[in-house]
Amino acid sequence: MEETTLVAELNRIRKGQTAKPNQQDDFQEIKERITPTPQQQKATEQQRTAQNIHEAELRLVRIMLKYGTLAIPINRPKTEDEDIIETSVLELIVHEIEEDELEFTSPIAQKIYAVFKEGLEQTILYKMEHFLKMEDQTIVSFITDIEVSPYTLSSNWRTKHRIETLGEEEKLQQAVMETVYSFKLAVIDTRFNKLREQLKTAESENIQQIEELLAEQMALENVKRVINDKLGRIIIK
């Protein structure tokens, strides 16, 4: 905190209270007031993580609603005859989510995803109009809000990963994979924070539990590195 802010706070305290034995006591009280407690820091971190995954989920749902039926090229395994094939945006996203056994934290987003998934199982690619005609007004309102507020990648995210600001129509494949990977990273961060809290509360005598938590933590770090590496490859294309 800047010196002028400290002085202002000090003067406020002095006006409302009797004189302190010395100035050090005044500054100690100010420090206690402006320094967040461990509980406050934990709450702030949890809020930040929850906000990140919420925004990532909205971006992913928006991509599925707006561009789900469009085709994009993907690389086939080297054992296949063709190097590149086309698939729908919906099929790619559902494949990525199911492969890693991920779920949405938002009940409405999860409900919309379930409809998309069920449609694919019946070889149906639902468009946004299908959801706007639903009787469930919570879904209709949710989709309308997404259209009003396009949840694109934040400027901080783009700056951090050196992503050029492009319209989604201009580079659909890039937009889709950026959105998928940002969702995965948000899920990993959420799980990582939970592991950190579990490690703090784990009994020191329970060696097996601690080892399992540390092993999962290391595995998540490895997955995170792989995803960041893939993001880097997308960025430089």
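Reading the values: rules and limits
Residues numbered from 1 in each chain as written. Predicted model: local features only at pLDDT ≥ 70, side-chain atom pairs only at ≥ 80, totals over all residues. Heavy atoms only, no water. Helix = DSSP H or I, 4+ residues; strand = E, 2+ residues; numbered from the N terminus. Buried < 20%, exposed > 50% of the residue type's maximum accessible area, 1.4 Å probe, protein only. Contact = heavy atoms within 4.5 Å. Core = buried A, V, L, I, M, F, W, Y, C linked by side-chain atoms within 4.5 Å.

Undergrad: For this particular structure, what's the right way to read the side chain of Thr179?
TA: Relative to the helices and strands, Thr179 is located in helix 9 (residues 172–201). By relative accessible area, Thr179 is classed as buried at 5%. Discounting residues that sit within four places of it in the chain, Thr179 has contacts with Arg59, Leu60 and Ile63.

Undergrad: Is there a simple way to explain the environment of Val223 in this structure?
TA: Turning to its location among the elements, Val223 is positioned in helix 10 (residues 207–235). Considered as a pair, Val223 and Lys184 are 39 residues apart in the sequence and their alpha carbons are 9.5 Å apart.

Undergrad: Looking at this structure, how should I read the nonpolar core?
TA: Within soluble globular proteins, side chains that are nonpolar tend to cluster in buried spots. Ranked by internal contacts, the top residues of the largest apolar core, which has 48 residues, are Val61, Ile93, Phe104, Phe131 and Val176. Per-element accounting of this core gives the leading share, 12 residues, to helix 9. Setting aside chain neighbours within four positions, we find Phe104 in contact with Glu57, Leu60, Val61, Met64, Ile97, Ala109, Gln110, Tyr113 and Phe183.

Undergrad: Please explain the environment of Glu147 as it appears in this structure.
TA: Within the fold, Glu147 resides in helix 7 (residues 137–148). Taking the relative accessible area as the measure of exposure, Glu147 reaches 38% and is therefore partly exposed. Measuring from C-alpha to C-alpha, the distance between Glu147 and Lys66 comes to 9.1 Å, with 81 residues separating the pair along the chain. Discounting chain neighbours no more than four positions away, the residues touching Glu147 are Lys66 and Met128.

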